[in-house]
Amino acid sequence: QNAIAFARANPDLTVTILDPHGTYGKTALKNINVVALDAEILAKDKTAYTKKGMIPPGMLIIDDVKEIWDNDSGNHLKSLCIRMRHEGVDVFICAHSFMDVPPRIYTFIDDFYIFRISENYETVKHKLPRRITPEIIKTANELKLRFDKKGARIGSEKIHVPNYE
């Protein structure tokens, strides 16, 4: 929903979505580019979809980051975040758990938007930046789910945690 709002508000910029599961499908907006990822290609080259010049200025959404950069020993995700800043691209990283986010990229994350989770602080504390406290984890675990008029779940409340002073 935020990607569509961004695309409508910024028709001269592109929203690129790296989609490992094909969940985004097609959209009528011409400035939304959904890139369905091929696991075989990624297994050979973690940078296959993010080489210089492949992602136009705008927004990059990396959906389900664990599926793309699990065990990122080559620091590709970190390099990508650094490079995208210089190329005029805002990067949004989506994960289902703090356990799915490589801790070395926390220094490149300006803001966390945390939706309802079910995390035990003691289990994930070794992977968390210092801004994510036990109180924040407790609050995120208690966020209310959101439903549409037909009763289908469409998300949850969220909290914003800045990752800077």
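Residues numbered from 1 in each chain as written. Predicted model: local features only at pLDDT ≥ 70, side-chain atom pairs only at ≥ 80, totals over all residues. Heavy atoms only, no water.

Re the sheet that holds strand β3 (residues 58-62)
- The strand order across the open sheet built from 4 strands is β2-β1-β3-β4, with neighbouring strands paired in parallel fashion. Unpaired on one side and paired on the other, β2 (32-36) and β4 (89-93) mark the two borders of the sheet. Ignoring strand direction, the axes of neighbouring strands in this sheet form an average angle of 15°.
- Judged from the 5 bridges that link them, strand β1 (residues 14-19) and β3 form a sheet pairing that is parallel. Residue Thr 14 lies in a different strand from β3, and its bridge partner there is Gly 58.
- Lying over the sheet, helix α1 (residues 2-9) contacts β1, β2 and β3, oriented at roughly 165° with respect to β3.
- Sheet strands in contact with helix α4 (residues 76-86) are β3 and β4, and its direction is about 145° off that of β4. (Pairing = 2+ DSSP bridges. Helix = DSSP H or I, 4+ residues; strand = E, 2+ residues; numbered from the N terminus. Axes fitted to C-alpha atoms, helices over the stretch in contact; angles between N-to-C directions. Contact = heavy atoms within 4.5 Å.)

Some thoughts on the confidence of the model for the protein
- The share of residues in the protein with pLDDT of 70 or more is 93%, and the mean pLDDT across the chain is 83.
- By mean pLDDT, the top-scoring element of the protein is helix α6 (residues 134-141) (94), and the lowest-scoring one is helix α3 (residues 65-69) (75). (pLDDT = per-residue confidence, 0-100.)

Focus: the nonpolar core
- The biggest cluster of nonpolar side chains holds 33 residues, and the ones touching the most others in it are Leu 18, Leu 60, Ile 62, Phe 98, Ile 114 and Ile 132.
- Counting only elements with at least two residues in this core, the list comes to β3, α3, α4, β5 (111-115), α6 and β8 (158-162).
- Considering every element that reaches this core, the biggest residue donor is α4, with 4 residues.
- In this structure, Phe 98 is in contact with Tyr 106, Ile 114, Ile 117, Glu 119, Val 124, Lys 127, Leu 128, Ile 132 and Ile 137, ignoring residues within four places of it in sequence. (Core = buried A, V, L, I, M, F, W, Y, C linked by side-chain atoms within 4.5 Å. Buried < 20%, exposed > 50% of the residue type's maximum accessible area, 1.4 Å probe, protein only.)

Here's the deal with the environment of Glu 87
- With respect to the helices, strands and loops of the structure, Glu 87 is situated in the loop between α4 and β4.
- In sequence terms Glu 87 and Ala 9 are 78 residues apart; their C-alpha atoms lie 20 Å from each other.
- What Glu 87 contacts, discounting residues up to four positions off in sequence, is Lys 52, Gly 53, Ile 55 and Pro 57.
- A polar side-chain atom of Glu 87 sits 3.1 Å from a polar atom in the side chain of Arg 83. (Polar contact = N/O pair within 3.5 Å; in protein donor to acceptor, adjacent residues only side chain to side chain.)

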